[in-house]
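Overview (structure and organization)
Okay, here's what each chain looks like letter by letter:
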Amino acid sequence: MTTTEAVPRTAGTASEISRAHTLKQVLQVQSFQILLVLLVIFLAFSALAPEVFPTWGNVRQIIQNVSILGVLGIGMTFVIVTSGIDLSVGSNLVFSGVVAAKVMQAMGGSGWGTAVVGILVAVGCGLGWGLLNGVLIAKAKVPPLIVTLGTLGGALGLAQVITGGVDIREVPAVLQDTIGYGNVPGTTLPTISLLAIVLILIFGTVLHRTRFGLYTFAVGSNEESARRVGVKVDRQLISIYVLSGGLAGVAGILSLSQYGTTAIAGQSATNLNVIAAVVIGGTSLFGGVGTIFGTVVGLFIPAVLQNGFVIVGIQPFWQQVAVGAVLVVAVYVDQRRRAAAARGHAAKADGKRKLFGRRSR
Amino acid sequence: MKLTPKVTLLAAGVLAATSLTACAGGTASAGSGGATQPKLTFIQGVAGDEFYVSMQCGIDAAAKAAGATVNTQGPAKFDPTLQKPIVDSVVASQPDAILIAPTDVAAMQAPLKAAAAAGIKVVLVDTTVEDPSFAASAIASDNKGGGLEAFKAIKNLSPSGGKVLVISTDPGVSTADARVAGFEDGAKADSSFEYLGVQYSHNDPAEAAKLVSAALAKDPDIVGVFAANTFAAEGTATGIRQAGKQDQVKIVGFDAGPAQVKQLKDGVVQALIAQEPASIGTQGVDQAIKAINGESTQKEIQTGFKQITAENISGDGAQYVYKSSC
Amino acid sequence: MTTIPVLEARGLTRSFGNVRALDGVDFDVNAGEVVALIGDNGAGKSTLVKALSGNLALDSGKILFAGGEVELGSPSEASRLGIETVYQDLALAPHLNAAQNMFLGREIAKPGFQGRLGFMDNKTMRAKSREAFDELGATVRSLSDPVGSMSGGQKQAIAIARAVAWAKGVIFLDEPTAALGVVQTRNVLETIRRVRDKGVGVVFISHSMPHVIDVADRVQVLRLGRRVATYEAKKTSVEELVGAMTGALDGAHS
Ligand SMILES: Nc1ncnc2c1ncn2[C@@H]1O[C@H](COP(=O)(O)OP(=O)(O)OP(=O)(O)O)[C@@H](O)[C@H]1O
Ligand SMILES: [Mg+2]
């Protein structure tokens, strides 16, 4: 196994961003390019609907609607940086919400006592599924795509078994009033968004500043090398899937608070939306490269597009077309960059462009 | 031109933005000509579904007549987590009224209440929410009446009476339960018919076939089955064919989308009970305009049904078939 | 026997299915000595290195470190004894930079509470990496570029620098010059001598007989998973080595 993998010069880890001194260097990092795209989109809609679109009221609701996906996006970024994938986040979210709702229903009461138990149960369920994913991937060596496809079905199926397919709509009022639709006291920032922002800051620091984060990149960059220098690769992978699962559990309770229902039939496209955001944000599906910051920007692009399209009154189908286009372009750019790095920024002569994600191993 | 990644990405962004501008110019709602023109937004339960498209046709026609503009939006799936962001965006765009088919009674309660609080008139069409008191009007099919209509259809097909059965989907679905109740009332009120009760097929044709086979083994003289959706109808027909009783047992299906109409034309079912989505839409616009003008509105409206059979499908029944475009 | 070998293998065996990659192989290296390990393709050289660096479970045999028997269950256990390896594939993480690769698995934590939270002292690690590269005379221009974008020689230099920096007992170099140009090769051979002079035992695997004779103190020959001969490098010739490798000179044990 000779490592001849193409690596972009501007791989886009946060430490690289902080080391990129000139504006030109900053501009070469994909998460910043995508930020520019977001700005362009924002300005375009602002020009089209100047009275409605660029208002805090509108931006606030975009932020609110992105918050749950943001929590899932954190875990997904870690997972994809290891060159893994977690398809189970949406089902895990639903399962955690269902079990928490069941427990809270059984306890009765609509105060914090019940709510706190619900929160713990949801997070516990999420961690459990994450642990199952992690052990199967790290120890049993089943590919992440298959493992999480399995738990995607398993978690959703069990959620349906538990409820008989009928949504539970009894959610403690405190959860709905504070987390679901409340604001941070004294501001108009939604509480749910503050929670997401805090988690993003914490785990962004973990990924880009700590040893745990470094090992995440190392495992994604070259698992075998990491193992040989003494990184406990299995433990690292398990921890990362547990993290992703636990955050799905958090998202489960957030969703319960926001929607007041377990929405079992919902969240069907959540996993793919989150994965798309992570990839748009410059995290490579091949591992070793990625930022939480990029993921956040990647989440806002579809959200802002949809919001703007609705406001200016464009057919809903076009939103999906636009997001799809941004996704493909983002991956194309990533591939071009890898190809360029592989050729040492030299000639573009050979014409053999790797658009299909083949690894040059 | 050498396409560096940066250039490509930026170009894509600019392209998206400009094409956007182009698109927006073409839509009706962007016209800000008449400040008096009421702005309506219709939020479907799911985009592209014939039931909602038919409703949209009714809404568009009524709005045109009333001099209002309509912006139609809808999630890609019947999913509250996808519908809520759309509702929030619509509220931000401040239309005069929203006509919406909520995808969940609990999840859509708060966002729609917030819309009403922001001064937007809300009209609920087809589906509803837990506490619709904020809404100017709630318009839906009279599902109980629909069940009764299904019984009448069986009576038309088997005038001499006999044993009748219902194959529904799942327990706990409020609209389906109301239809079953309406059917039951009709069957019990008519002494020439005997009601055998309801069985649940869980949206599985194979399960429906098994249920019908078992029912026919027990009561070989069943004359009619009300199949509450397409899967139930498909399985019911299979079960009846396996028993060789196609001529004896009549099946009545529900809704009149392309799948159901195909079943009618193929002889799988002998009658369909069509809702009147266009009428829901038309009345929804009427109520919305009234609310905008400060006139009193009707809090609850129930719309009717139409029996579609092989005889009238190409005649006066045709207009009741759900449309895939206006 | 006057000196105790720093690392010694006795009768190691390991089979992969029907292939006996190691068939009771013996091996020894002393502190401050360069041992060349040679043999034909598939003779078992890389497998032996893996076994002695904690990367391979053995079917039978004994490993002694400084005279005492040891179990090398993982690469970290070997590292703890001061055994380092430059693998044939270098084992670098291409997306990480030179300093991160240098310290991967051995990061320097920030002092105090921050360190316990997992924060690292990047400044010190960069400074120490720079020192290590300078000491080697390695031309690693940027410590912050990902190593995947560097030339083969630079990557090799980083891998060697990393092993040299941490090796206190033994260092294995599996074909370190295979991908290198003339100048870089000379650098590596120079490095090998320098490391030996620090008192470390160096095991050097190569198919290039002139390099072997140039840099090694002793040469041990593997064939079909066994050690078939050991020579003093000064007293042997390319012809003799090739003969031992191919089996033409059987029975020439010293
Ligand atoms: N993981 C493995 N699975 C199966 N067979 C293996 C494995 N590793 C090594 N072998 C076999 O063991 C034998 C010795 O291989 P090894 O790589 O040690 O040879 P080598 O002396 O390093 O050769 P080269 O000079 O080509 O590097 C070969 O026949 C090889 O096919
Ligand atoms: Mg080898």
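Each value, and the rule that gives it
Residues numbered from 1 in each chain as written. Chains lettered and ligands numbered in written order. Predicted model: local features only at pLDDT ≥ 70, side-chain atom pairs only at ≥ 80, totals over all residues. Heavy atoms only, no water. Helix = DSSP H or I, 4+ residues; strand = E, 2+ residues; numbered from the N terminus. Buried < 20%, exposed > 50% of the residue type's maximum accessible area, 1.4 Å probe, protein only. Areas by Shrake-Rupley, 256 points an atom, 1.4 Å probe, with all protein chains shown as cover. Pairing = 2+ DSSP bridges. Axes fitted to C-alpha atoms, helices over the stretch in contact; angles between N-to-C directions. Contact = heavy atoms within 4.5 Å. Near = heavy atom within 4 Å. Polar contact = N/O pair within 3.5 Å; in protein donor to acceptor, adjacent residues only side chain to side chain. Nonpolar A, V, L, I, M, F, W, Y, C, P; charged D, E, K, R; others polar. Salt bridge = Lys/Arg side-chain N within 4 Å of Asp/Glu carboxyl O. Parallel < 35°, antiparallel > 145°, perpendicular 65-115°, else oblique. Left-handed = near helix turned anticlockwise from the far one by under 90°. Right-handed = clockwise from strand over helix to strand, strands pointing away. Domains from an automatic or database assignment. Buried area = accessible area lost by both parts, 1.4 Å probe. Disulfide = S-S within 2.5 Å. Phe/Tyr/Trp six-rings, centres within 6.5 Å; stacked < 30°, edge-to-face > 60°. Lys NZ or Arg CZ within 6 Å of the ring centre and 35° of its normal.

1. Some words on the overall build of chain B
Secondary structure assignment for chain B yields 10 helices and 12 strands. Across the 326 residues of chain B, 53% fall into the buried class. Within the structure as shown, chain B displays about 13200 Å² of accessible surface, and the carbon and sulfur contribution to it stands at 53%.

2. Section: the sheet that holds strand 3 (residues 97-100) of chain B
Residue and element names in this part refer to chain B. As summarised here, the arrangement of the 6 strands in space is 2-1-3-4-5-11, forming an open sheet in which the pairing is parallel. Edge positions in the sheet fall to strand 2 (69-73) and strand 11 (300-303), since each of these pairs with one other strand and no more. Adjacent strand axes in the sheet meet at a mean angle of 20°, parallel and antiparallel pairs treated alike. Examined bridge by bridge, strand 1 (residues 39-43) and strand 3 share 4 bridges and lie parallel to one another. Across the sheet, residue Leu40 finds its bridge partner in strand 3, namely Ala97. Sitting on the sheet, helix 2 (residues 50-66) is in contact with strand 1, strand 2, strand 3 and strand 4 (121-125), with an inclination near 170° to strand 1.

3. Some thoughts on the sheet that holds strand 10 (residues 271-275) of chain B
Picture the strands of a sheet paired through backbone hydrogen bonds; they go either parallel or antiparallel. Residue and element names in this part refer to chain B. Spatially, the 6 strands line up as an open sheet ordered 7-6-8-9-10-12, and their pairing is mixed. Of all the strands in the sheet, the pair left with one neighbour each is strand 7 (193-200) and strand 12 (305-309). Direction aside, the axes of adjacent strands within the sheet are offset by 20° on average. In this structure, strand 8 (residues 222-227) lies alongside strand 9 (residues 250-254), joined through 3 bridges in parallel fashion. Looking across to strand 9, one finds that Val225 is bridged to Ile251. Packed onto the sheet, helix 9 (residues 258-265) meets strand 9, strand 10 and strand 12 and runs at close to 155° relative to strand 10.

4. Regarding the site of ligand 1
Residues and elements named next belong to chain C. Around ligand 1, the structure places 14 residues, and the nearest of them are Asn41, Gly42, Lys45, Ser46 and Thr47. Gly42 is positioned such that a nitrogen or oxygen atom in its backbone is 2.8 Å from an oxygen atom of ligand 1. With respect to ligand 1, the backbone of Ala43 contributes an N or O atom lying 3.2 Å from an oxygen atom. Within the complex, 62% of the 640 Å² of free accessible area of ligand 1 lies under protein. For the shell around ligand 1, the secondary structure elements donating two or more residues are strand 2 (19-29) and helix 1 (45-52). Across the shell around ligand 1, the residue classes break down as 4 nonpolar, 7 polar and 3 charged.

5. Focus: the pattern of salt bridges
According to the stated counting rule, one finds 29 salt bridges over all chains in the structure shown. Between Asp167 of chain A and Arg169 of chain A there is a salt bridge, and its shortest N-O distance comes to 3.9 Å. Overall, the relative accessible area of 19% leaves Asp167 of chain A in the buried class. Exposure remark for Arg169 of chain A: the relative accessible area of 31% places this residue in the partly exposed category. Among the ionic pairs, Lys188 of chain B bridges to Glu184 of chain B, the shortest N-O distance being 2.5 Å.

6. A few points about the environment of Met107 of chain A
Residue and element names in this part refer to chain A. Residue position: Met107 is located in helix 5 (residues 89-107). Once the C-alpha coordinates of Met107 and Gly118 are considered, the two residues, 11 residues apart in sequence, prove to be 9.6 Å apart. The residues touching Met107, leaving out its near neighbours within four places in the chain, are Gly113, Thr114 and Val117.

7. Re the packing of helix 6 (residues 112-138) of chain A against helix 12 (residues 233-259) of chain A
All names here are of chain A. As a packed pair, helix 6 and helix 12 sit with axes 6 Å apart at the nearest point and diverge in direction by 150°. Accordingly, the angle class assigned to the pair helix 6 and helix 12 is roughly antiparallel. The chirality of how helix 6 crosses helix 12 is right-handed. Along the lines of polarity and charge, the residues of the contact of helix 6 with helix 12 split into 14 nonpolar, 8 polar and 1 charged.

8. Remarks on the pairing of strand 1 of chain B
Residues and elements named next belong to chain B. For strand 1, the buried fraction is high: 4 of the 5 residues fall into the buried class. For strand 1 and strand 2, the ladder comprises 5 bridges, and the chain directions are parallel. Within the sheet, the bridge partner assigned to Lys39 lies in strand 2 and is Thr69. With helix 2 bridging strand 1 and the parallel strand 2, this β-α-β connection has right-handed handedness.

9. So, the domain arrangement of chain C
Residues and elements named next belong to chain C. Split into domains, chain C comes out as domain 1 (1-82 + 167-254) and domain 2 (94-166). Here the C-alpha centre of domain 2 lies 27 Å away from the C-alpha centre of domain 1. Around 1000 Å² of area is buried between domain 1 and domain 2 when both sides are counted, 50% of it from carbon and sulfur atoms. Taken as a group, Ala167, Thr191 and Arg194 account for 32% of the area that domain 1 buries against domain 2, more than any other trio of residues on that side. Summed over the shared surface of domain 1 and domain 2, the number is 0 salt bridges. Among the elements that make up the side of domain 1 that touches domain 2, the one with the highest residue count is helix 7 (residues 182-197) (5 residues). Its residues assigned to classes, the side of domain 1 that touches domain 2 comprises 8 nonpolar, 5 polar and 4 charged.

10. Some remarks on the domain arrangement of chain B
Considered domain by domain, chain B is made up of domain 1 (35-135 + 276-302) and domain 2 (143-274). The distance between the C-alpha centroids of domain 1 of chain B and domain 2 of chain B comes to 32 Å.

11. Thoughts on the packing of helix 4 (residues 56-81) of chain A against helix 13 (residues 270-280) of chain A
Residue and element names in this part refer to chain A. It is at 9 Å that the axes of helix 4 and helix 13 come closest, and there the two elements cross at 65°. Classified by chirality, the crossing of helix 13 by helix 4 is right-handed. Of the residues in helix 13, those in contact with Leu69, Leu72, Gly73, Met76, Thr77 and Ile80 of helix 4 are Thr270, Asn271, Val274, Ile275 and Val278. Split by residue class, the contact of helix 4 with helix 13 holds 7 nonpolar, 4 polar and no charged.

12. Re the side chain of Gln64 of chain A
Counting through the fold element by element, Gln64 of chain A comes out in helix 4. Only 2.9 Å separates the side chain of Gln64 of chain A from the side chain of Lys84 of chain B, close enough to count as a polar contact. Not counting residues within four places of it along the chain, the set of residues in contact with Gln64 of chain A comprises Gly180, Tyr181, Pro190, Ile192, Ser193 and Gln258 of chain A together with Lys84 and Asp88 of chain B.

13. Observations concerning helix 10 (residues 211-221) of chain A
An α-helical turn contains 3.6 residues, so a residue and the one three or four places further along point in the same direction. Among the 11 residues of helix 10 of chain A, 9 are classified as buried, and the element is accordingly described as predominantly covered. For helix 10 of chain A, the full list of buried residues reads Gly213, Leu214, Tyr215, Thr216, Phe217, Ala218, Val219, Gly220 and Ser221 of chain A. Here the buried face of helix 10 of chain A lies against helix 4, helix 9 (191-209), helix 11 (223-228) and helix 12 of chain A together with helix 3 (98-103) of chain C.

14. Section: the interface of chain C and chain A
At the interface, 30 residues of chain C touch 30 residues of chain A. At the boundary of chain C with chain A, total buried surface from both sides reaches about 2600 Å², with 56% on carbon and sulfur atoms. Of all residues in chain C, Asp89, His95 and Leu104 of chain C give up the largest surface area on contact with chain A, accounting jointly for 25% of the area buried on that side. Linking chain C with chain A are 1 salt bridge. Between Arg228 of chain A and Asp89 of chain C there is a salt bridge, with its nearest N and O atoms 3.0 Å apart. One can count 7 residue pairs in polar contact (both at pLDDT 80 or more) joining chain C with chain A. Put simply, the parts of the chain that give the side of chain C that touches chain A at least two residues each are helix 2 (75-80) and helix 6 (152-166) of chain C.

15. Notes on the state of the cysteines
All names here are of chain B. Across all of its chains, the model carries 1 disulfide over all chains by this definition. Cys57 shares a disulfide with Cys326; S-S distance 2.1 Å. Looking down the S-S bond of the Cys57 and Cys326 bridge, the torsion is -100°, so its handedness is left-handed. With a gap of 269 residues between them, Cys57 in helix 2 and Cys326 in the segment after strand 12 connect regions that are remote in the sequence. Cys57 gets classed as buried once you look at its relative accessible area, which sits at 11%. Since its relative accessible area comes to 64%, Cys326 is described here as exposed.

16. A few points about the packing of aromatic side chains
Applying the stated criterion across every chain yields a total of 16 aromatic pairs over all chains. By way of ring pairs, the aromatic residues Phe151, Phe183, Phe193, Tyr195, Phe226, Phe254 and Phe305 of chain B are connected into one cluster. Just above the ring of Tyr87 of chain C sits the side chain of Arg228 of chain A; from NZ or CZ to the centre is 4.0 Å.

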